[in-house]
Amino acid sequence: MVTDVTTEEVWRRIMDPASQTSAIVARDADGQVVGFCHYVLHDHTWAVAPLCFLEDMYVDPAHRRRGVARALLDRLLDLARQKGWPRVYWHTRLENAPARALYDQVTGGPDPMVRYTVRLDR
């Protein structure tokens, strides 16, 4: 569970033009937000341009299976091409079959990397 303090800080970063954290929102025909993704740009040691880490994507359950997630991904990838970011990457849970089906369409399948995490916040 994400705390209110964390949520407020993330949105503060998203709204700060100097921050490396940004967001894209999807709206329905009435202008209501039905989905979003937030991403973080970061330096790395294999190229000069930053990488884009898609931190989280959410689509309102009432609007799922309607192309909202695909539109968000497509917009982020278009932005990456425009900005010259060499890579956009993200993680998802193994059991998240609906999301993985979309991600496999977009990427051709998962890459060969395995993620390891040491949790220091518990």
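Here the structure is a predicted model, which is why all the values come from computation and not from measurement.

**Let's talk about the packing of helix H2 (residues 68-83) against helix H3 (residues 97-107)**
Point 1. The contact between H2 and H3 brings their axes to 11 Å, and the two run at 35 degrees. Where H2 crosses over H3, the two elements pack in a sense that is right-handed. Judged by residue contacts, Ala69, Arg70, Leu73 and Leu77 of H2 engage Leu102, Tyr103, Gln105 and Val106 from H3.
Point 2. Here the residues of the contact of H2 with H3 are counted per class, giving six nonpolar, one polar and one charged.

**So, the nonpolar core**
Side chains of nonpolar character tend, in soluble globular proteins, to be buried together.
Point 1. Membership of the largest hydrophobic core comes to 23 residues, with the highest contact counts inside it found for Tyr39, Leu72, Leu76 and Trp85.
Point 2. For this core, the secondary structure elements donating two or more residues are strand E1 (21-27), strand E2 (33-42), strand E3 (51-59), H2 and H3.
Point 3. In terms of residues, this core owes the most to one element, H2, which gives seven residues.
Point 4. Leaving out residues up to four positions away in the same chain, tryptophan 85 has contacts with Tyr39, Leu41, Pro50, Cys52, Leu76, Leu79 and Ala80.

**A closer look at the state of the cysteines**
Point 1. Summed over all chains, the structure comprises zero disulfides.
Point 2. Cysteine 37 takes part in no disulfide bond, and the closest cysteine sulfur to it belongs to cysteine 52, at a distance of 8.0 Å.
Point 3. Accessibility expressed as a relative area gives 0% for cysteine 52, which makes it buried.

**Re unusual backbone geometry**
Point 1. Its identity is not glycine, yet arginine 65 carries a phi of approximately 65 degrees, on the positive side.
Point 2. Note on placement: arginine 65 falls in the loop between E3 and H2.

**Section: the side chain of histidine 38**
Point 1. In this fold, histidine 38 is placed in strand E2.
Point 2. Classification of histidine 38 by relative accessible area gives buried; the value is 14%.

Reading the values: rules and limits
Residues numbered from 1 in each chain as written. Predicted model: local features only at pLDDT ≥ 70, side-chain atom pairs only at ≥ 80, totals over all residues. Heavy atoms only, no water. Axes fitted to C-alpha atoms, helices over the stretch in contact; angles between N-to-C directions. Helix = DSSP H or I, 4+ residues; strand = E, 2+ residues; numbered from the N terminus. Left-handed = near helix turned anticlockwise from the far one by under 90°. Contact = heavy atoms within 4.5 Å. Nonpolar A, V, L, I, M, F, W, Y, C, P; charged D, E, K, R; others polar. Core = buried A, V, L, I, M, F, W, Y, C linked by side-chain atoms within 4.5 Å. Buried < 20%, exposed > 50% of the residue type's maximum accessible area, 1.4 Å probe, protein only. Disulfide = S-S within 2.5 Å.

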